[in-house]
2 protein chains.
Amino acid sequence: MARLVLKFGGTSVGDIDRIRNVARHVKREADAGHDVAVVVSAMAGKTNELVGWCRQASPIHDAREYDAVVASGEQVTAGLLAITLQAMGVNARSWQGWQVPIRTDGSHGAARIQDIDAAEIVRRFEERQVAVVAGFQGLAPDNRIATLGRGGSDTSAVAMAAAIGADRCDIYTDVDGVYTTDPRIEPKARRMARISFEEMLEMASLGAKVLQVRSVELAMVHKVRTFVRSSFEDPDAPGMGDFDNPPGTLICDEDEIVEQQVVTGIAYSKDEAQISLRRVEDRPGVAAAIFGPLADAGVNVDMIVQNISESGDATDMTFTVPAGDLDKATAILEKAKSQMRYDALQSESGLTKVSVIGIGMRSHTGVAATAFKALAARGINIKAITTSEIKISILIDGDFTELAVRTLHGVYGLDKA
Amino acid sequence: MARLVLKFGGTSVGDIDRIRNVARHVKREADAGHDVAVVVSAMAGKTNELVGWCRQASPIHDAREYDAVVASGEQVTAGLLAITLQAMGVNARSWQGWQVPIRTDGSHGAARIQDIDAAEIVRRFEERQVAVVAGFQGLAPDNRIATLGRGGSDTSAVAMAAAIGADRCDIYTDVDGVYTTDPRIEPKARRMARISFEEMLEMASLGAKVLQVRSVELAMVHKVRTFVRSSFEDPDAPGMGDFDNPPGTLICDEDEIVEQQVVTGIAYSKDEAQISLRRVEDRPGVAAAIFGPLADAGVNVDMIVQNISESGDATDMTFTVPAGDLDKATAILEKAKSQMRYDALQSESGLTKVSVIGIGMRSHTGVAATAFKALAARGINIKAITTSEIKISILIDGDFTELAVRTLHGVYGLDKA
């Protein structure tokens, strides 16, 4: 018998019928004899309603009060799921963050979990009791509720899995796993059986929005085997309770991935904008002078490329920002033109960043060249390139997004079953 | 400077605009230099929504889980009011039941408050901090949330007032005080300046639904001066902040009522039904044989009248039940006819109980006779009478309800300004 954490998000617990469906997933695992802890989010829409009320009360508000209000959403779901499980004959009880307790730091509204005292929950596994834990929340040092920031229930689940030494943390969501690319763009996209933590981090931060980035980081640090699967499938369909090979994608240490592929996935991020500063004076500290004010203004700068300028006595600085931040970034840069000492500012929006991801590329050469060649053959112009150990990101005109994704998906052999 | 508890019910905090209005009441008292603790209910409709979800999840459910779900309503209001107060420049923080803590017994769903540790709240009065306390809830011995049963926020407020030694507990509600009778029936009804705890208990339990009966009992035991006033008046209107004579009705010890009146109010309760058992064998234990099964079935028996039967060798037993319980009561009695040994069962519904209330009647004679004479003069037939030290209750045909209330209101001089 194994020990499992099951996590269900807001759409999975959106109403009582869906909570009943969630309870059937939980019952299946409990009936199989596993120790089960469940982590739940607020019912879909509830958190937004509660946040809206706080903003209506005052646009600027005490994060401790915000936490007390907003954490109530998960509290409600946990109680309702416990009631539903009991009605199905499953021994269950709800736990609020302060009851476990899940101890956090004092950063109300965006707290980090510091410690989980799961002794009582583990003790009750011996009585075959399922723990239903309210996600997204904990107890801060001031003895008040702290929330972990949006999407924090994923983090709660992974932290709980680490605390109870779970064999696996199953994240039930509205997709049935992690795909080699977006299936809405490339119907040949395949669900991966396994993906490494590092690859998942690149996939998630690049817009394959399945899991919170922070929860993947935490899973990587604590080596929590995390499994992405669908909450909307029939809980009692064949194979759903197969412990060794359930339907979904396992996010795990790369050691567990026997047949490593060079490239495992293609991610993309639309609505990027590019800014180029021409003939910036080439002196120490110039990058800080440019990116410091942007960071202070909360502009998220991504790909940065620095080139010798044409004349050779200065430098050209090119970087991307989200298209929504372009006007703000441009205003900041133009205001500071005299300090930054550049000749001209050029910008372009409507761009897409396409990324090729794979831990195998660390030991393979020519992966980038393959991408450049394939895109060129389709007439897709490359505006900027950045690379890391396990990722190549390429900036292109947004009109070519789907063509580029399909081209790269094909050229690395991801189309094959 | 005084120490006050202010309590606001669900309609008073029904949306953010109303919460803002409530905050103005609180700010007025805080600005006057008083120590202020506020007790709040859930936003109107929220508790019903949460209860509905619990029932949908399972008609029969764990009261501990019900409590975790339902208590979230008050938690939300407390946080939102604290935010609103802070935005108005008032130093405030919210307290959930488990944070104070308000300790209750283990009767989840209908818990009783056992102890409130208000030391930290009182300490913060020195820092001029307003405590915003979630009503209706506390911490049970099992370290889980317990709720006090419907309307429990009134009880929370009175208990908090006793714990902090408040000079007064102001119950803000949707009426502006306690009236000599229902103003919808008798426009000449007057708001009482003061009413004794004992009288209020009779008024409340007889259908003048202003305050929970339990909270009045608690106020009486702890001698908490309780003040009923309107939350919908302009918080800054003249006189609203007058500490000695604000607009509303003070419920207090009878010692504080200098000019005691013989009769202070006329209450009524519609939709009563009467059951008569004819020629019941007159032997010891017969009352227990009749009322035991009814109590077991949850039928609330009220006025009980026992007479010698016409022939003199048996007894007639007459009593009232809520009209909605008549069928159930009749079925129980007919099933047990052989054990109870009565000749015939007669019943009648559509009745009203009218009550004359006043502590002064303890030292006055002829109060009941005045009522009987006045009703007779209007042609109103009396079906049953019961009396206590401070109350005379009369059962009449429901069609005569308004006429009887007006007649009694007039005959005891309550019409006069």
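Quick notes on the rules
- Residues numbered from 1 in each chain as written.
- Chains lettered and ligands numbered in written order.
- Predicted model: local features only at pLDDT ≥ 70, side-chain atom pairs only at ≥ 80, totals over all residues.
- Heavy atoms only, no water.
- Helix = DSSP H or I, 4+ residues; strand = E, 2+ residues; numbered from the N terminus.
- Rg over C-alpha atoms; globule rule 2.2 N^0.38 Å.
- Buried < 20%, exposed > 50% of the residue type's maximum accessible area, 1.4 Å probe, protein only.
- UniProt positions renumbered as here; feature names shortened; annotations may be inferred.
- Contact = heavy atoms within 4.5 Å.
- Phe/Tyr/Trp six-rings, centres within 6.5 Å; stacked < 30°, edge-to-face > 60°.
- Lys NZ or Arg CZ within 6 Å of the ring centre and 35° of its normal.
- Buried area = accessible area lost by both parts, 1.4 Å probe.
- Salt bridge = Lys/Arg side-chain N within 4 Å of Asp/Glu carboxyl O.
- Arc of directions from axis to C-beta.
- Pairing = 2+ DSSP bridges.
- Axes fitted to C-alpha atoms, helices over the stretch in contact; angles between N-to-C directions.
- Expected span 1.5 Å × (residues − 1).
- Least-squares fit on C-alpha atoms with pLDDT ≥ 70 in both.
- Domains from an automatic or database assignment.

**Examining the overall build of chain A**
Within chain A, the regular secondary structure consists of 13 helices and 18 strands. What you see for chain A is a C-alpha radius of gyration of 24 Å, in line with the 22 Å of a compact globule of 417 residues. Taken over the C-alpha atoms alone, chain A extends approximately 75 × 55 × 30 Å along its principal axes. Burial statistics for chain A: of 417 residues in total, 55% are counted as buried.

**Focus: the UniProt feature "binding site: ATP" (unreviewed entry) in chain A**
All names here are of chain A. As recorded in UniProt, the feature "binding site: ATP" (unreviewed entry) lies at Lys7, Phe8, Gly9, Gly10, Thr173, Asp174, Tyr179, Arg184, Lys209 and Val210. Taking the farthest pair of C-alpha atoms as the criterion, the annotated set spanning 204 residues is dispersed, since that pair is 25.4 Å apart. Tracing the backbone shows Phe8 in strand E1 (residues 3–8). With residues near it in sequence (within four places) discarded, Phe8 still touches Val13, Val22, His25, Val26, Val38, Val39, Val40, Ser41, Tyr172 and Ser231. Tracing the sequence through the fold places Gly10 in the loop between E1 and helix H1 (16–31). Not counting residues within four places of it along the chain, the set of residues in contact with Gly10 comprises Ser41, Ala42, Met43 and Ala44.

**With respect to the packing of aromatic side chains**
All names here are of chain A. Counted by the stated rule, this structure contains five aromatic pairs over all chains. A centroid spacing of 5.0 Å and a plane angle of 80 degrees characterise the contact between Phe291 and Phe319, whose relative ring orientation is edge-to-face. Placement of the pair is Phe291 in helix H9 (residues 286–296) and Phe319 in strand E15 (residues 314–322), with a sequence separation of 28 residues. Across the pair, exposure class does not vary: Phe291 and Phe319 are buried alike. Here Arg93 stacks its cationic end above the ring of Trp95, 3.7 Å away from the centre of that ring. Seen from the ring of Phe227, Arg168 lies directly overhead, with NZ or CZ sitting 5.0 Å from the centre.

**Some details on the interface of chain B and chain A**
Where interface size is given, it is often the accessible area lost as the parts come together that is meant. Across the contact, 38 residues belong to chain B and 38 residues belong to chain A. For the pair chain B and chain A, the summed buried area comes to about 3,100 Å², and 61% of that belongs to carbon and sulfur atoms. When the buried surface of chain B facing chain A is broken down by residue, Trp53, Ile83 and Trp98 of chain B rank first, second and third, together holding 19% of it. Taken together, the connections running from chain B to chain A amount to two salt bridges. A salt bridge links Glu49 of chain A to Lys46 of chain B, with the shortest nitrogen-to-oxygen separation between them at 3.8 Å.

**Some details on the side chain of Gln274 of chain B**
Residues and elements named next belong to chain B. Among the structural elements, Gln274 can be located in strand E13 (residues 265–280). For Gln274, a relative accessible area of 10% corresponds to the buried category. Beyond its immediate stretch of four places on either side in the chain, Gln274 contacts Thr318, Phe319, Thr320, Gln346, Ser347, Glu348, Leu351, Lys383, Ala384 and Leu395.

**What about helix H12 (residues 367–377) of chain A?**
Side chains three or four residues apart in an α-helix point the same way, a direct result of the helix having 3.6 residues per turn. All names here are of chain A. For H12, every residue scored as buried is listed here: Val367, Ala371, Ala374 and Leu375. Considered in projection along H12, the buried side chains sweep an arc of 95 degrees and stay on one side of the axis. Facing away from the buried side of H12, by more than 90 degrees, are the exposed residues Lys373, Ala376 and Ala377. Structurally, H12 contributes buried residues whose contacts are with strand E18 (391–397) and helix H13 (401–411). Of the residues flanking the end of H12, it is Gly379, one or two places downstream, whose phi is positive at about 75 degrees.

**Examining unusual backbone geometry**
All names here are of chain A. Cis geometry marks the peptide bond from Val100 to Pro101, where omega comes out at -15 degrees. Among the secondary structure elements, Pro101 is positioned in the loop between strand E3 (92–95) and strand E4 (102–104). With a phi close to 50 degrees, Lys223 is a non-glycine residue in the positive phi region. Position of Lys223 among the secondary structure elements: in the loop between helix H8 (213–222) and strand E11 (226–230). For Lys223, a relative accessible area of 56% corresponds to the exposed category. The backbone of Arg341 sits at a positive phi, close to 55 degrees, despite the residue not being glycine.

**A look at the pairing of E13 of chain B**
All names here are of chain B. A large share of E13 lies buried, amounting to twelve of its 16 residues. Bridge count for E13 against strand E16 (residues 344–357) is eleven bridges, and the pairing is antiparallel. Bridging from a neighbouring strand, Gln274 pairs with Glu348 of E16. Direction of pairing for E13 relative to strand E15 (residues 315–322): antiparallel, over a ladder of seven bridges. Bridging from a neighbouring strand, Glu272 pairs with Pro322 of E15.

**So, the sheet that holds strand E11 (residues 226–230) of chain B**
Residues and elements named next belong to chain B. Spatially, E3-E6-E2-E1-E9-E11-E12-E10 is the arrangement adopted by the eight strands of the open sheet, whose pairing is mixed. For this open sheet the edge positions go to strand E3 (92–95) and strand E10 (194–196), each flanked by a neighbour on one side alone. Neighbour-to-neighbour, the strand axes of the sheet open up by a mean angle of 20 degrees, direction not taken into account. Relative to strand E6 (residues 130–134), E3 is paired through four bridges, and the arrangement is parallel.

**Comments concerning helix H6 (residues 152–164) of chain B**
Residue and element names in this part refer to chain B. The end-to-end C-alpha separation of H6 is 18 Å, in line with the 18 Å expected for 13 residues at 1.5 Å each. Counted residue by residue, H6 has eleven buried out of 13 residues, so it is predominantly covered. Among all positions of H6, only Gly152, Ser153, Asp154, Thr155, Ser156, Ala157, Val158, Ala159, Met160, Ala161 and Ile164 are buried.

**Section: the sheet that holds strand E6 (residues 130–134) of chain A**
All names here are of chain A. The sheet built from eight strands is open, its strands ordered E3-E6-E2-E1-E9-E11-E12-E10 with mixed pairing. Strands at the two margins of the open sheet, each flanked by one partner only, are E3 and strand E10 (194–196). Strand-to-strand twist across the sheet, computed as the mean angle between neighbouring axes with direction ignored, equals 20 degrees. In terms of strand pairing, strand E2 (residues 35–40) meets E6 through four bridges, oriented parallel. Directly across from Ala37, in E6, lies its bridge partner Ala131.

**Digging into the relation of the copies chain B and chain A**
With an axial shift of 0.0 Å and an RMSD of 0.1 Å, the rotation relating chain B to chain A amounts to 180 degrees. One copy is carried onto the other by what is essentially a two-fold rotation axis. Identified as the residue of chain B closest to the rotation axis by C-alpha distance is Ser72 of chain B, at 2.8 Å.

**Let's talk about the domain arrangement of chain A**
Residue and element names in this part refer to chain A. Looking at the assigned domains, one finds that chain A contains domain 1 (3–255) and domain 2 (265–411). Here the C-alpha centroids of domain 1 and domain 2 sit 35 Å apart. Facing the 16 residues of domain 1 at the interface are 18 residues of domain 2. Around 1,500 Å² of area is buried between domain 1 and domain 2 when both sides are counted, 62% of it from carbon and sulfur atoms. Joining domain 1 to domain 2, the criterion identifies two salt bridges.

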